[in-house]
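What the coordinates show
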Amino acid sequence: MATDEQDGERHGFETKAIHAGSPPDPATGAVVPPLNLSTTFAQHGVGQHQGWEYARSGNPTRAALETAVATLEGAAHGFAFASGLAAEDAVLRLLGWGEGVALGDDAYGGTYRLIDKVHGPAGHPWVALDLTTDADRLDADWPPDIRLVWLETPTNPALRIVDIEAVADVAHHHSALVVVDNTFATPYLTQPLSLGADVVVHSSTKYLGGHSDVVGGFVALNDDELADRIGFLQNAVGAVPSPFDCYLVHRGVKTLAVRLDRQCANARAVAELLRSHPAVDTVLWPGLDEHPGHDIAKRQMRDFGAMVSFTLRGGEAAAVAVCEATELFTLAESLGAVESLIEHPARMTHASAAGSQLEVDPALVRLSVGIESADDLLADLAKALSRVG
Ligand SMILES: *Cc1c(COP(=O)(O)O)cnc(C)c1O
């Protein structure tokens, strides 16, 4: 779905989040675009229709979401998928036979699994790269046959910061596409296409949906030819979200900015508590001055995000004990919603990366900080940490 770029340029982020893709319904005046469940659309002559034929190919509820998120990413084109991994799969299918992938060496475990276990055997060699390496080194050591660079920033779960502009320069020098998984930052904090990325992907399940009640994915990009191919794959492979899923993600997107403002502020309070706690070894949050990516984060992010990871002096046993001791921070996978979550990546979200270059430190705990009262979150964490410190 192509966006109305003029509309996209004129307004501030929060305004676009409310209005892009959401004009009042022309038939009824309904302020919220109606949830359109129809799988098929009447034609007034053979091949003559009002822009809609069959709901896998396109439907008004999905189109509204696609316009909204593409506009927020500053993208000319947006495509909604049934999950983040379905969106990733569509992007990886852009590669030709034998063309390789460079994956940042800290990444979501499911992305690693998709690249290593599905697209690898299907003819796409891949390497793990430390994309925080300085650009000259990266350029000099560039592996052969890499046509696509897959980067996260902040990374999952170590929250390292990758300089999108610098990596895009090097990758383009080697004729590789740059894909940014913008799930952690969201377009509110970072707009990768404006920094030189070619494609943005999302797990809409996380911050875009924002309420832990819908699974979805998204691809946003500017290049018309690539967009045609992603649109073709969306329809031909068919990993599309239901209209209700689209409706829920779109509803979530409207409050993205206000949720993230609160979440980032709460994350700062949490990071500062952790930094001063004797049971904690290292706090990984890009908002801290001592974080190695702090200066780049200041440049390419509006705020520092609401994911906070930390390692425990007591190692794996202490990490597991803390995860099991909090009450407000619910022990669960996933992230990005209004409620705070805690998890142990090595045994949970990143278990599939065990034994690989992307293996996660077992002393590491990952928090997704929600919008609860900061004082309550701090008290909950302090109580859990007191068990191990
Ligand atoms: C969850 C997640 C994904 C996968 O998305 P699904 O919606 O679960 O398929 C991809 N990337 C990141 C960074 C994630 O956190």
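1. Topic: the site of the ligand
For the ligand, the set of nearby residues contains 14 residues, the closest of which are G84, D181, S203, T205 and K206. Between the ligand and G84 there is a distance of 2.9 Å, counted from an oxygen atom to a backbone nitrogen or oxygen. Between the ligand and the protein, one listed contact pairs a nitrogen atom with a side-chain N or O atom of D181 at 2.6 Å. Across the complex, the protein chains shield 91% of the 380 Å² of accessible surface that the ligand would expose by itself. When residues in the shell around the ligand are grouped by element, the largest group, three residues, is from helix 4 (residues 84-92). Taken together, the residues that form the shell around the ligand break down as four nonpolar, seven polar and three charged.

2. What to know about the packing of helix 3 (residues 60-72) against helix 10 (residues 243-253)
Packing of helix 3 against helix 10 brings their axes to within 8 Å, and their N-to-C directions diverge by 35°. Every pair of crossing elements has a handedness; the one defined by helix 3 and helix 10 is left-handed. Contacts between helix 3 and helix 10 pair T61, R62, A64, L65, A68, V69 and L72 from the former with P243, C246, Y247, V249, H250 and V253 from the latter. Here the contact of helix 3 with helix 10 is composed, by residue class, of ten nonpolar, two polar and one charged.

3. Quick notes on the domain arrangement of the chain
Split into domains, the chain comes out as domain 1 (12-253) and domain 2 (256-386). Computed from C-alpha atoms alone, the centre-to-centre distance between domain 1 and domain 2 is 25 Å. With 42 residues of domain 1 in contact, the opposing surface of domain 2 contributes 41 residues. Together, the buried faces of domain 1 and domain 2 total about 3300 Å²; carbon and sulfur atoms form 62% of this surface. Contact with domain 2 buries surface across domain 1, with Y188, L189 and Y207 losing the most and accounting together for 23% of the total. The closest approach of N and O atoms between D163 and R299, which form a salt bridge, is 2.8 Å. At the junction of domain 1 with domain 2, the criterion picks out 20 residue pairs in polar contact (both at pLDDT 80 or more). Going through the elements one at a time, helix 2 (13-19), strand 2 (100-104), helix 5 (109-119), strand 3 (126-129), helix 8 (186-189) and helix 10 are the ones with two or more residues in the side of domain 1 that touches domain 2. Across the side of domain 1 that touches domain 2, the residue classes tally to 23 nonpolar, 13 polar and six charged.

4. A few points about the nonpolar core
Membership of the largest hydrophobic core comes to 61 residues, with the highest contact counts inside it found for L274, V308, F310, L312 and L367. Examining the composition of this core, we find that eight residues originate from one element, helix 11 (residues 256-275), more than from any other. Looking at which domains feed residues into this core, each of domain 1 (12-253) and domain 2 (256-386) supplies at least three. Apart from residues lying up to four places away in sequence, V308 is in contact with L159, A267, V270, A271, L274, V283, L284, W285, V365, R366, L367 and V369.

5. Details of the packing of aromatic side chains
Taken as a whole and judged by the stated rule, the model has five aromatic pairs. Pairing W285 with F304 gives two aromatic rings, centres 5.8 Å apart and planes at 70°, and the pair type is edge-to-face. Residue W285 is found in the loop between strand 8 (280-284) and helix 12 (294-300), and its partner F304 is found in the loop between helix 12 and strand 9 (307-312); the two are separated by 19 residues along the sequence. Among the residues examined, W285 registers a relative accessible area of 0% and is labelled buried.

Calculation criteria
Residues numbered from 1 in each chain as written. Predicted model: local features only at pLDDT ≥ 70, side-chain atom pairs only at ≥ 80, totals over all residues. Heavy atoms only, no water. Near = heavy atom within 4 Å. Polar contact = N/O pair within 3.5 Å; in protein donor to acceptor, adjacent residues only side chain to side chain. Areas by Shrake-Rupley, 256 points an atom, 1.4 Å probe, with all protein chains shown as cover. Helix = DSSP H or I, 4+ residues; strand = E, 2+ residues; numbered from the N terminus. Nonpolar A, V, L, I, M, F, W, Y, C, P; charged D, E, K, R; others polar. Axes fitted to C-alpha atoms, helices over the stretch in contact; angles between N-to-C directions. Left-handed = near helix turned anticlockwise from the far one by under 90°. Contact = heavy atoms within 4.5 Å. Domains from an automatic or database assignment. Buried area = accessible area lost by both parts, 1.4 Å probe. Salt bridge = Lys/Arg side-chain N within 4 Å of Asp/Glu carboxyl O. Core = buried A, V, L, I, M, F, W, Y, C linked by side-chain atoms within 4.5 Å. Buried < 20%, exposed > 50% of the residue type's maximum accessible area, 1.4 Å probe, protein only. Phe/Tyr/Trp six-rings, centres within 6.5 Å; stacked < 30°, edge-to-face > 60°.

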